[in-house]
Amino acid sequence: MTEDIKKKIEALRQKIRHHDYLYYVLSQPEISDKEYDDLMRQLKDLEDKYPEYKSADSPTQRVSGGVLEGFKTIKHRQKMLSLDNTYSFEELRDWDARLRKGLGREEKIEYVVELKIDGVSANITYEKGILTMGATRGDGETGEDVTQNIKTIRAIPLVLLGKDVPDFIEIRGEVYMERKDFNILNKERDKQGEALFANPRNAASGSLKLLDAGIVAKRRLNFFAHSLGEYKGIDIHTQWEYLNRLKEWGVRINQESRLLKDIQEVIGYCQDWQEKKETLGYDIDGIVVKLNNLDQQRRLGFTLKSPRWAVAYKFPAQQATTTVKDILVQVGRTGVLTPVAVLEPVECAGVIIKHATLHNFDEIKRLNIKKGDRVLIERAGEVIPKVVKVMKDLGKTHFEIPKTCPVCNGKVVKEKEQDVAYRCINPSCPAQLERGLLHFASRQAMDIEGMGESVVSQLVRLKLVRNFADIYKLKAQDLARLELFKDKKVNNLLSAIEKSKGKPLSRLIYALGIRHVGEKAAYVLAREFKTLDNLARAKREDLDKIYDVGEVMAESIVDYFSQDSTKKLIAALKEAGLNTKEESGELKTSFLSGKTVVFTGGLKEYSRTQAEELVRRHGGNTSSNVSKDTDLVVVGDSPGSKYEKAKRLGIKIINEKEFLNLITPKR
Ligand SMILES: [Zn+2]
């Protein structure tokens, strides 16, 4: 019996590894994502049920370990050298001539050409086919141990495939981010009000150095292997052979690499990619040319810093020089202040450039850029041009970080956890109003049905709504001015607005969009302070006493309520008749009183937080783990291992509908 289970688990692992190989290495998946997820779930369930068969190299163990304090420093077995750069075909020909002179003119040589991926180098060690270490390049001799993070990258196998694996090998390659994943990440960060990454390379290197592998796993990092460090127990004769072996082992390599017979072909390849590099889904900044034969490589050896047998050809940068006419500060939808350089219009790679991003205020300091300076700008891919450096220091006055918001004059605060981000925290700041209104009306907040993006943007544009309280002053004739708005919709929206006035205090607190105050925190604050006025008067000490409120959140709350604009807003909301008090006698006695409830799987009617709030309102407790102390497990869609465990422990299990029946008063 147990032998069968063990076999079944191992078979599932093999199957998943095979599909990883098809997907990442060959780009020829044979099953859908859904089917893949099903395999993973089967494996995970079995491993949960039979923990004695858990194994660090199982595909389920890509995210493991907790949050680290810091990274250990490790020494690479073989140095990770940097390549010499060349910037013209002439230099490439020179390099080729030197190399052939070094080897003897008669000797036959071949080159392997590879795209130079704009990412971060990593060194991955396998012992007997098992991934044992992943490290950053660092200074080339020592790097940081980022094994936990490397393991989350699905293009990197935890176990090398096939029988013929080396006893020991250092596989070098580039960790990078595809442009589409970079855009998704930045969009998400924009939504959360976090500072944006300047380019995919920064996003990749920032992600690789996160201490929480759980977050890294969500970043969708990718990998191409390209170089060889120390190795034992296999014979490899050429770079081309090595690349093919990598592929057999299930390590992802770039499909555009070629084996070429002379420097003329190499130059043709470089020209080719210089023109079509934008067609790739990721950034490259040149071509790497390597001598194919490893024996010839050894004979040529190294200079102090780099190998003689390889060189990078860098694409000409798309750069231009121009004058900074002004430095403006823009306010994003989340209130983040971003400095922008206004430029004397200049042509760069066929496009007229008038603005360049300065990313953040630290960047201004780093560049020491001033209005009037002559600067070098650069375009990379589709990204907005950036300022590379100041060419001529002609400006007089240093830029000063604004103390108030350039849009609304509201207070600007510096974020503690992210030193570079400055933010306007005025809740009625026009730059942030649309986003704020959408949040205010969202289902988890005031739940005003019909106030979607199109309605909100029209309300703001027509200046019908300038702050949250204005929503409650809207009349039928105002709404009739909106495009495509019929009578019925007008009435529906007005009644949804009216209905929202009676929402619980916790929802109103959440709806205000106070930074760092999520659904759960809003619930806690409502319970602790009972009225919005009490919360508005709360001091740091009062907030610090609350277990669920951290330092950052406490500061953000005090900051928020200390503003005049907030005080006005709250007065207006009260005048409009919104409920600003926590319901008394909130603890309804019911079947749930004193019971511990666990949710598993996706719910349809409520978010997890809302459902947990309901349990608490009915006098119950919630927990995230099933144990013998659990009284009730509510099962939603695709429940996880908690469901299995509850079954094993014989705990009462109900579905979402039954749960809703329990908490809804009978009429
Ligand atoms: Zn503002």
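Please refer to the structure placed before this passage.
Residues numbered from 1 in each chain as written. Predicted model: local features only at pLDDT ≥ 70, side-chain atom pairs only at ≥ 80, totals over all residues. Heavy atoms only, no water.

Draft legend 1. Region of interest: the overall build of the protein chain. Assigned secondary structure in the protein chain consists of 24 helices and 22 strands. For the protein chain, the spread of C-alpha atoms along the principal axes amounts to about 95 × 80 × 50 Å. The proportion of buried residues among the 667 residues of the protein chain is 49%. Partitioning the intrachain contacts of the protein chain with sequence separation of at least 6 by distance along the chain shows that 68% fall at a separation of at least 24. (Helix = DSSP H or I, 4+ residues; strand = E, 2+ residues; numbered from the N terminus. Buried < 20%, exposed > 50% of the residue type's maximum accessible area, 1.4 Å probe, protein only. Contact = heavy atoms within 4.5 Å.)

Draft legend 2. Inspection of the side chain of threonine 630 at higher detail. Its location among the elements puts threonine 630 in the loop between strand E20 (621-623) and strand E21 (632-635). When sequence neighbours within four positions are dropped, the list of residues in contact with threonine 630 reads Thr596, Val598, Asn625 and Ile651.

Draft legend 3. Molecular detail of the sheet that holds E20. An order of E20-E19-E21-E22 is seen for the four strands of this open sheet, with the pairing classed as parallel. For this open sheet the edge positions go to E20 and strand E22 (652-655), each flanked by a neighbour on one side alone. On average, each strand axis in the sheet is tilted by 30 degrees relative to the strand beside it, whichever way the strands run. Examined bridge by bridge, E21 and E22 share four bridges and lie parallel to one another. Residue pairing for E22: leucine 632 is matched across the bridge by lysine 652. Contacts from helix H23 (residues 641-649) reach strand E19 (596-600), E21 and E22 within the one sheet, and its direction differs from that of E19 by about 135 degrees. (Pairing = 2+ DSSP bridges. Axes fitted to C-alpha atoms, helices over the stretch in contact; angles between N-to-C directions.)

Draft legend 4. How the structure looks around the sheet that holds strand E10 (residues 284-291). Sheet architecture is open: five strands sit in the order E2-E11-E10-E3-E9, paired in mixed fashion. Both outer strands of the open sheet, strand E2 (85-86) and strand E9 (258-260), are each paired with one neighbouring strand and no more. One ladder, built from five bridges, connects E10 with strand E11 (residues 310-314); its direction is antiparallel. Bridge pairing in E11 links glycine 286 to lysine 314.

Draft legend 5. Representation of the nonpolar core. Residues Ile448 and Leu525 are the most contacted members of the largest nonpolar core, which totals 55 residues. Secondary-structure elements contributing two or more residues to this core are helix H12 (430-441), helix H13 (453-461), helix H15 (487-500), helix H16 (505-511), helix H17 (519-529), helix H18 (532-537), helix H20 (551-561) and helix H21 (564-575). Setting aside residues no more than four positions away along its own chain, isoleucine 448 makes contact with Phe440, Ala441, Ile471, Tyr472, Leu493, Ala496, Ile497 and Ser500. Formed by 41 residues, the second largest nonpolar core is a distinct cluster that contains Ile150, Phe182, Ala204 and Leu246. (Core = buried A, V, L, I, M, F, W, Y, C linked by side-chain atoms within 4.5 Å.)

Draft legend 6. Focus on the packing of aromatic side chains. All chains considered together, the criterion is met by 14 aromatic pairs. Ring geometry for tyrosine 313 against phenylalanine 315: centres 6.2 Å apart, planes inclined by 80 degrees, an arrangement best described as edge-to-face. By relative accessible area, which is 8% here, phenylalanine 315 ends up buried. Ring plane angle 10 degrees and centroid distance 5.9 Å describe the contact between phenylalanine 361 and phenylalanine 399, whose orientation is recorded as stacked. Of this pair, phenylalanine 361 sits in helix H11 (residues 361-367) while phenylalanine 399 sits in the loop between strand E16 (386-392) and strand E17 (412-414), placing them 38 residues apart in sequence. By relative accessible area, phenylalanine 399 is classed as partly exposed at 22%. Chaining the aromatic ring pairs together yields one cluster made of Phe89, Tyr313 and Phe315. Its end group placed over the ring of phenylalanine 168, arginine 77 keeps NZ or CZ at 4.1 Å from the ring centre. Here lysine 232 stacks its cationic end above the ring of phenylalanine 168, 5.3 Å away from the centre of that ring. (Phe/Tyr/Trp six-rings, centres within 6.5 Å; stacked < 30°, edge-to-face > 60°. Lys NZ or Arg CZ within 6 Å of the ring centre and 35° of its normal.)

Draft legend 7. A look at the coordination of the zinc ion. The coordination sphere of the zinc ion, as far as protein atoms go, consists of Cys405 (SG), Cys408 (SG), Cys424 (SG) and Cys429 (SG), spread over 2.2 to 2.4 Å. One can describe the donor arrangement at the zinc ion as tetrahedral, given that its four donor atoms subtend angles of 100 to 120 degrees at the metal. Of note, the donors binding the zinc ion are all from one chain and are spaced C-x2-C-x15-C-x4-C. A residue pair is termed long-range when its members are at least 10 positions apart, and cysteine 408 in the loop between E16 and E17 and cysteine 429 in the loop between strand E18 (422-424) and H12 qualify at 21 residues. (Donors = N, O, S within 2.8 Å, 3.2 Å for Na, K, Ca; no water. Tetrahedral: all angles 85-135°; square planar, octahedral: opposite > 155°, others 65-115°.)

Draft legend 8. Layout of unusual backbone geometry. Phi angles above zero are rare outside glycine, and asparagine 409 is one such case at about 70 degrees. Asparagine 409 gets classed as exposed once you look at its relative accessible area, which sits at 61%. The phi torsion at aspartate 447 lies on the positive side, around 50 degrees, for a residue other than glycine. Along the polypeptide, aspartate 447 turns up in the loop between H12 and H13.

Draft legend 9. View of a positive patch on the surface. On the surface, Lys8, Lys49, Lys645, Lys647 and Arg648 cluster together into a patch of positive charge. At three residues, the largest contribution of residues to the positive patch is made by H23. For lysine 647, a relative accessible area of 46% translates into the label partly exposed. (Patch = residues over 30% accessible without salt bridge, like charges linked within 9 Å, V, L, I, M, F, W, Y side chains within 5 Å. Areas by Shrake-Rupley, 256 points an atom, 1.4 Å probe, with all protein chains shown as cover. Salt bridge = Lys/Arg side-chain N within 4 Å of Asp/Glu carboxyl O. Lys, Arg positive; Asp, Glu negative; His and termini not counted. Charge placed at Lys NZ, Arg CZ, Asp CG, Glu CD.)

Draft legend 10. Representation of helix H8 (residues 239-248) within the structure. All buried positions along H8 are accounted for by Gln239, Tyr242, Leu243, Arg245 and Leu246. All buried residues of H8 lie within an arc of 160 degrees about the axis, which places them on one face of the element. Looking at the packing, one finds that the buried side of H8 touches strand E3 (111-117), strand E7 (168-176), strand E8 (222-232), E10 and helix H10 (294-300). Directly after H8, the chain includes glycine 250, whose backbone phi takes a positive value near 85 degrees. (Arc of directions from axis to C-beta.)

Draft legend 11. Representation of the pattern of salt bridges in the model. All chains considered together, the criterion is met by 40 salt bridges. With a closest N to O distance of 3.4 Å, arginine 13 and glutamate 10 form a salt bridge. Here the residue arginine 13 and the residue glutamate 10 both occupy positions in helix H1 (residues 2-25), the gap between them amounting to three residues, near one helical turn. The class of glutamate 10 is partly exposed, set by a relative accessible area of 33%. In this structure, the salt-bridge partner of lysine 370 is aspartate 373, at a minimum N-O distance of 3.9 Å. When sorted by exposure, lysine 370 lands in the same class as aspartate 373, which is buried. Several salt bridges share partner residues, and in doing so they unite Glu10, Arg13, Arg17, Glu47 and Asp57 into one network.

Draft legend 12. Representation of the packing of H17 against helix H22 (residues 608-617). Two elements in contact, H17 and H22, have axes separated by 10 Å at closest approach and are oriented at 25 degrees. On the basis of their axis angle, the class for H17 and H22 is roughly parallel. As for the relative orientation of H17 and H22, their crossing is right-handed in sense. Mapping the contact onto sequence places Glu519, Lys520 and Tyr523 in H17 and Thr609, Gln610, Glu613, Arg616 and Arg617 in H22. In terms of residue class, the contact of H17 with H22 is built from one nonpolar, two polar and five charged. (Parallel < 35°, antiparallel > 145°, perpendicular 65-115°, else oblique. Left-handed = near helix turned anticlockwise from the far one by under 90°. Nonpolar A, V, L, I, M, F, W, Y, C, P; charged D, E, K, R; others polar.)

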